[in-house]
Amino acid sequence: MLFNDRPVTVTPFEEVKSSYTLYIRPHSETDVDFRCPGDTHWKRTKYGKTVKTAYGPIRISKSDNFDKGFIGEEIFVNVIPVRSMAKRLIGGLHIVKDQKDANVLRLTLSSANPYLSASTLNALIAAYNQHSIDDKNRIARNTEAFIVDRIAALSKDLGGIDSQIERLKILN
């Protein structure tokens, strides 16, 4: 089973301090059995329910890829600390500028799992694009605020000049 076609998702609710393998066995469409390393017996819970484990609270949810064919099958999920996984991914990330004067970068991510690599690169590109959009929107808002302030100041100045012209007309 690969990264992109997993039938269940495991969500830890505390920082994962060390890697471990969680064993999961779908029991039915509503219930799932699981055990952590060192457990001698399987425990049963409902999908989507938060449960306590020796590694902290987790939730096991069905993914969009879940179907009845997974019932009774043993699935193992490697739970890895975020920093450890980030170091692994960064270690496999290569960035090369395509041409000397170009603004195009070539990103490659070497990993044992090509689906994880593709998903990570797509997420990295999406985050970069969103950051660029947010930055351009911030600049546009600041420019608009500057223009509005300048127009207000110019209107005030012109209003003062109009008043002076009126006074001069009255005096003459």
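Within each chain, residue numbers correspond to sequence positions counted from 1 in written order. Given that the model is predicted, a residue must reach a pLDDT of at least 70 before its local features are reported, and side-chain atom pairs must reach 80 or more before they are shown or counted; all residues, however, enter totals for whole chains, interfaces and linings. Heavy atoms throughout the structure, all of them, feed into the side-chain values; hydrogens and water do not.

### Focus on the side chain of Asp31
The helix count covers DSSP runs of H or I at least four residues long, the strand count covers runs of E at least two residues long, and both are numbered beginning at the N terminus. Turning to its location among the elements, Asp31 is positioned in strand 3 (residues 31-35). Side-chain polar atoms of Asp31 contact the side chain of Lys46, separated by 3.0 Å. The contact rule is simple, with two residues in contact once any of their heavy atoms fall within 4.5 Å. Those residues in contact with Asp31 that lie beyond four places of it in its chain are Pro26, Arg44, Thr45, Lys46 and Tyr47. Any N or O atom pair separated by 3.5 Å or less is treated as a polar contact, with the protein-specific requirement of one donor-capable and one acceptor-capable atom, and with residues adjacent in sequence counted only for side-chain atom pairs.

### Thoughts on the nonpolar core
Residue types Ala, Val, Leu, Ile, Met, Phe, Trp, Tyr and Cys, when buried and joined through side-chain atoms within 4.5 Å, form a set referred to as a nonpolar core. Under the scheme applied here, a residue whose accessible area is under 20% of the maximum for its type counts as buried, over 50% as exposed, and between as partly exposed, the area being computed with a 1.4 Å probe on protein chains only. Core analysis: the largest hydrophobic core is formed by 18 residues, its most contacted members being Val10, Leu22, Ile24, Ile58 and Ile60. Of all the secondary-structure elements, those providing two or more residues to this core are strand 1 (8-12), strand 2 (20-26), strand 3, strand 6 (58-62) and strand 7 (75-79).

### What to know about helix 2 (residues 114-171)
One less than the number of residues in a helix, times 1.5 Å, gives the span that helix is expected to have. Over its 58 residues, helix 2 runs 85 Å from end to end, which matches the ideal 86 Å to within 8%, given 1.5 Å per residue. Where helix 2 is buried, its residues touch helix 1 (82-92), strand 8 (93-97) and strand 9 (105-109). Its side-chain oxygen at 2.9 Å from the backbone nitrogen of Tyr115, Asn113 defines the N-terminal cap of helix 2.

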